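Structural characterization, general
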Amino acid sequence: MATPLIVGRARERASLLAAIDAASGGRPQLVFVSGEAGIGKTTLVDDVARHVATGGRRVVRGSADALDVDGFALWAGPRRQLGLTAIGDDRWDVLDAVAEALDSAAPLLVVLEDVHWADDESLWLLGQLPSFVRGNVAIVATGRHDAPPRVRPSATIVLRGLDAAAVAQLIDDAAIDAAAVCERTGGNPLFVQHVVERGVTAQLPSAIGVALAHALDALDSAVLRSLAVIALAGADAPTSVIAEVAGVSVAMLDAHVQAAARAGVLVAAADATRRFRHALLADAVVERIDITTRRAFDAGLADAWAATSGGAGLARTALHRLRAVPVVDALLAIEEACSAARQLRDSGNITAAANVLTAAADVLAAHRPDAVDVLGRVLVDLGEALVTVGRRAESLAAFDRAINLGLNDKDLHIAAVIGACRQLHMHFAEPIRRVQLLHAETLVAEGDHPLRVLLLGRLAVAEAGDPLRWAEARVHGDAAVAMARRLNDPAVLATSLIDRHVYSRDLTDLEARSAVADELIDLGRRTRRPETVMVGLQWRYSDGMRRADLELAHAALDEMETLAALSPSPEWRFAVLIRRGILAAIAGNRDEAISCVGQAVPLGRQVLFASEASGIETGARVVISRITGIDDPSLAELLADLDASGGPPPTAFFQIHLAAVRLGAGDVLAAREATRRWAAWAAEPGHAVEEPSIAVVLAGLVADLGLVEHARQMYDVVLPYSGCLSTESGFAGDLPVDVTLMRLAMVLGDDDAARRHLHEAMRVARAAGSPWLEARCRGLGPDSTVSSEPPVAPAARVGTLVRRGSGWRIESPYGNGEVANSIGLGQLARLLAAAPADVTATELAGMIDVAPARDLGPMLDASAKRAYRRRVEELRAEIDDADDAYDIERASRARIELDALIDELRRAVGLRGRDRPSGAGAERARVNVARSIRRAVDAVRVAVPGLGAHLDVSIRTGRVCSYSAEPAAALTWTVSEVG
């Protein structure tokens, strides 16, 4: 018989090589090779791996094992081969570290086999990596089924059975009827080999299992017994464990292994483990054992693992004990499994703990369904473990399953309800959750209790989505906060504050949320919960936006950006970039605003549902369009994608946003229909739009569409927010809010009110320091008020800069003046003279002839970020300990180091969350030129205020600098020098 290399697979081999070669273009490739067991996936991938290795591409390999319960087990081999040390169980940390290691090892091929057995964490990592890897890296994964939903391969190769000609080539024996073999085996190469090698071609068994069984017939019962234990224990089980359970010496076990290898059942592996020639052979061995013997073997394996491996074999001990039920007592096996899970969780191996608990729950349901409280405890622990590793849907299912058991243990039931209600959304009514929370609250002991705080806080969120229960939501939220304060528990208080203030219905709620932002930040730092600090900073940013204090908003966003750079998850970087985009639009920099949103979207898709990320993107683009007055042509395409995905949920929050997107995309009829429907809904007794920001969006739509019948109602709803720049938590509204009020007044024919709101809008725009918003407000105002305001610029569109000795003479439509010479003024003059062409920062800095310094790479790679996080956490813990011990000197030293670390991090983090390269001449030029030009613009602002404001929003600095004014405001510049 021919060597089964790539017989009949020439086309698939070429496709796989082409996909791997595509990675050399800087686009990481993920190729999924699928097909049934024995079809030749490993043979194909091995051949291709050998080929690319001869071309200089490094190859690392990993495989999944049904018995391995550790998180990221599929990646254990590649991590070991790439020299990755232990990096914890946080999925984002692992992602950062693996992506960095893959890039460093490029050009690289990663081969991952048997993905159908991979754990959830491994599949998550496999799905995320193509978005994070930047180097010449190709990943080839194999599995028996289609690629898992979370894995989105760039190419898929499906292996099917060989045709009769290929089977004949594989058999290489004219005496055998290849067509008949092909028909009976389906062209599966493994089955063909076994049929031919075992000489059963005359019978051609109808069940391929018979052919596989022939491979075992030549082995005696003692060898088969050892093989059965090997199959149950896994390839990596210690020799001592296998020998003890099989009842043989280590020397005898080695003899059994050699006999099985001669028979072609076992094969030698590079890592010296005992591996079956194919997984189907392991299945065939196990099938020869009766169920009682199999369970006895599992019980013996549990004892052997426990005796020889100690802590290292915790998960294996627990799993084998569970599989041995009912040979061993079910409750004893469960107790051991729960103990192992606790130790695994405490050691940081949360995924292994979750997998052990999953097996325990299945065993209890099958063998002791009457032990409801025991099962409830297992399910609650499982739910907590799953939510920790980000498997939220499975976590919710575990908690709900526990709730529905009818638990006798009240505390256990309460814990299950709290876990199930952890993910409530304030924009959805949750009547079932409300009933569960109310019932659970009655089970808590009288008086103040942390559990009651958590229940009341979640109850407030559950009720917030129901307009008819808004008052009750406030009462429960306030009660939770008051109780948390009496308990003096910082973590519980932080949770209650978030639950109470995460929603808002009026200006009082917005002000109350702003009032506790600083406290929440402090609580987050004291409890070392950066996500709590982030929520507080987000509220501080919102406060700055509401009060037009953009200095406060920028400062909060800068701190968010610093923490986001340390966070392994891109969730907060996404949030920062979206807000950066809004601030850029307010500054009149539309290109920068759109760029920020564009950078945010890929990050959002990594942590949010695709439809949710698309919804936020479209909302951000709509508000940018409203601020800048420039239509966004991409909205129509984004809207089509939203509709194709089924659209957002049918609640006011999402549907009103969607109507604004439809209007921005030009679908006026659909926008008008939706606006009328929701405005009429909001007018009904007991109904109210969920948030102030959504009320502003709806009011803006009413004004846009001239819906007189709803204008008065919406004017009254929005009037309390007069004087606010933004209510922030919603997209697509006017900035300032008085613009919406002004336009509603115009629809109602109330010119006096329109004029008042225009002047208030202008005041807010000036307070925000945004000439762009000022011009926008004026342009939207009633005609009768335009002449009362100074024009943005006279009709003349020419500006001149003349150098005279130690100063510059400026003449422009905004006024004339003199400015002292400086490096920045010279660079500004050069930039204006070159307009509309761009000028690099190195040119402006006079470095054009200087050899560029070597770029030392990002100042904050993944390992540096992890080191920063660890040190920040250590310093905060030291500060807390020193404060508790009244050690002022030690606390002061720790605070000084912490402040220095944060300052260093802020310098390292680039604009909009990108890492700045260190040591590069271009980077030094970027920093210096940006600083000097901004100083020059400030000097111009002192001499000619209007021109300074114009340049402030028209000059772009960075690696490439430009004068990029909006066409309607652009000046043509003449720059000269007088001797």
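Here is a short report on the structure shown in this document. If you're wondering where the values come from, they're calculated on a predicted model, not measured in any experiment. (Residues numbered from 1 in each chain as written. Predicted model: local features only at pLDDT ≥ 70, side-chain atom pairs only at ≥ 80, totals over all residues. Heavy atoms only, no water.)

A short note on the overall build of the chain
Put simply, the rule reads: The helix count covers DSSP runs of H or I at least four residues long, the strand count covers runs of E at least two residues long, and both are numbered beginning at the N terminus. With a 1.4 Å probe rolled over the protein chains alone, any residue whose accessible area is under 20% of its type maximum counts as buried; one over 50% counts as exposed, and the rest are partly exposed. We call two residues in contact when some of their heavy atoms are within 4.5 Å.
Across its full length, the chain carries 45 helices and 14 strands. With 979 residues in all, the chain has 53% of them scored as buried. Taking contacts inside the chain between residues at least 6 apart in sequence as the whole, the part at least 24 apart equals 66%.

Some details on the side chain of His501
Considering the arrangement of structural elements, one finds His501 in helix α24 (residues 490-501). Those residues in contact with His501 that sit more than four places away from it in its chain are Ala512, Arg513, Val516 and Trp539.

Regarding the pattern of salt bridges
To keep things clear, this is the line we draw: The term salt bridge refers to a side-chain nitrogen of Lys or Arg lying within 4 Å of a carboxyl oxygen of Asp or Glu.
Counted according to the given criterion, the structure contains 47 salt bridges. Glu617 serves as the salt-bridge partner of Arg621, at 3.2 Å between the closest nitrogen and oxygen. Pair noted here: Arg621 and Glu617 are both in helix α30 (residues 610-628), with a separation of 4 residues, about one helical turn. Across the pair, Glu617 and Arg621 agree in class, each one buried. Put simply, Glu760 and Arg763 hold a salt bridge, and the shortest N to O gap is 2.7 Å. Of this pair, Glu760 and Arg763 both sit in helix α37 (residues 751-767), 3 residues apart, which is roughly one turn of that helix. Through salt bridges with shared partners, a single network forms among Arg474, Asp478, Arg500, Asp506 and Asp509.

Overview of helix α17 (residues 350-367)
As a reminder of what qualifies: One less than the residue count of a helix, multiplied by 1.5 Å, gives the span that helix is expected to have.
Over its 18 residues, α17 runs 26 Å from end to end, which matches the ideal 26 Å to within 8%, given 1.5 Å per residue. Judged by how many residues are buried, α17 sits mostly within the fold: 13 of 18 residues are covered.

As for the sheet that holds strand β14 (residues 972-978)
Counted only if it meets this: Pairing between two strands requires that DSSP report at least two bridges joining them. Whenever a helix is involved, its axis is fitted only over the stretch in contact; in every case the axis is a line through C-alpha atoms, and angles between N-to-C directions fall within 0 to 180 degrees.
Taken in spatial order, the 4 strands make up an open sheet running β10-β9-β8-β14, and their pairing is mixed. Each edge of the open sheet is held by one strand with a lone partner, namely β10 (815-820) and β14. Here the strands of the sheet are splayed against their neighbours by 15° on average, with no regard to which way each runs. Sheet topology places strand β9 (residues 807-812) next to β10; 6 bridges connect them, and they run antiparallel.

Here we look at the sheet that holds strand β13 (residues 960-963)
Sheet strands line up and pair through hydrogen bonds in the backbone, either parallel or antiparallel. Strand order in the open sheet made by the 3 strands is β11-β13-β12, with antiparallel pairing throughout. Among the strands making up the open sheet, the edge pair consists of β11 (839-840) and β12 (955-956). Packing against the sheet, helix α40 (residues 823-834) makes contact with β11, β12 and β13, and its axis sits at approximately 70° to β13.

Quick notes on the pairing of strand β3 (residues 108-113)
Within β3, 6 of the 6 residues are buried, which leaves the element mostly enclosed by the surrounding structure. Here strand β2 (residues 58-63) pairs with β3 via 6 bridges, running parallel. Directly across from Val59, in β3, lies its bridge partner Leu109. As paired elements, β3 and strand β4 (residues 137-143) share 5 bridges and run parallel to each other. Within β4, the position partnered with Val111 by the bridge is Val140.

Here we look at the environment of Cys338
Turning to its location among the elements, Cys338 is positioned in helix α16 (residues 330-346). Cys338 sits in the buried class, given a relative accessible area of 10%. Once residues lying within four places of it in the same chain are set aside, the contact partners of Cys338 are Leu357 and Val378.

Some thoughts on the packing of aromatic side chains
To keep things clear, this is the line we draw: Only Phe, Tyr and Trp rings are paired, with Trp represented by its six-membered ring, and only when their centres lie within 6.5 Å; those with planes under 30 degrees apart are stacked, over 60 edge-to-face, the remainder tilted.
Counted under the stated rule, the structure contains 2 aromatic pairs. With a centroid separation of 5.0 Å and an interplanar angle of 75°, the aromatic rings of Trp470 and Tyr503 are classed as edge-to-face. Of the two residues, Trp470 is situated in helix α23 (residues 470-487) and Tyr503 in the loop between α24 and α25 (507-526); the sequence distance between them amounts to 33 residues. A relative accessible area of 11% places Trp470 in the buried class. The interplanar angle of 70° and the centroid separation of 5.3 Å between the aromatic rings of Trp678 and Trp681 together place this pair among those described as edge-to-face. Residue Trp678 and its partner Trp681 are located together in helix α33 (residues 668-683), separated by 3 residues, close to a single helical turn.

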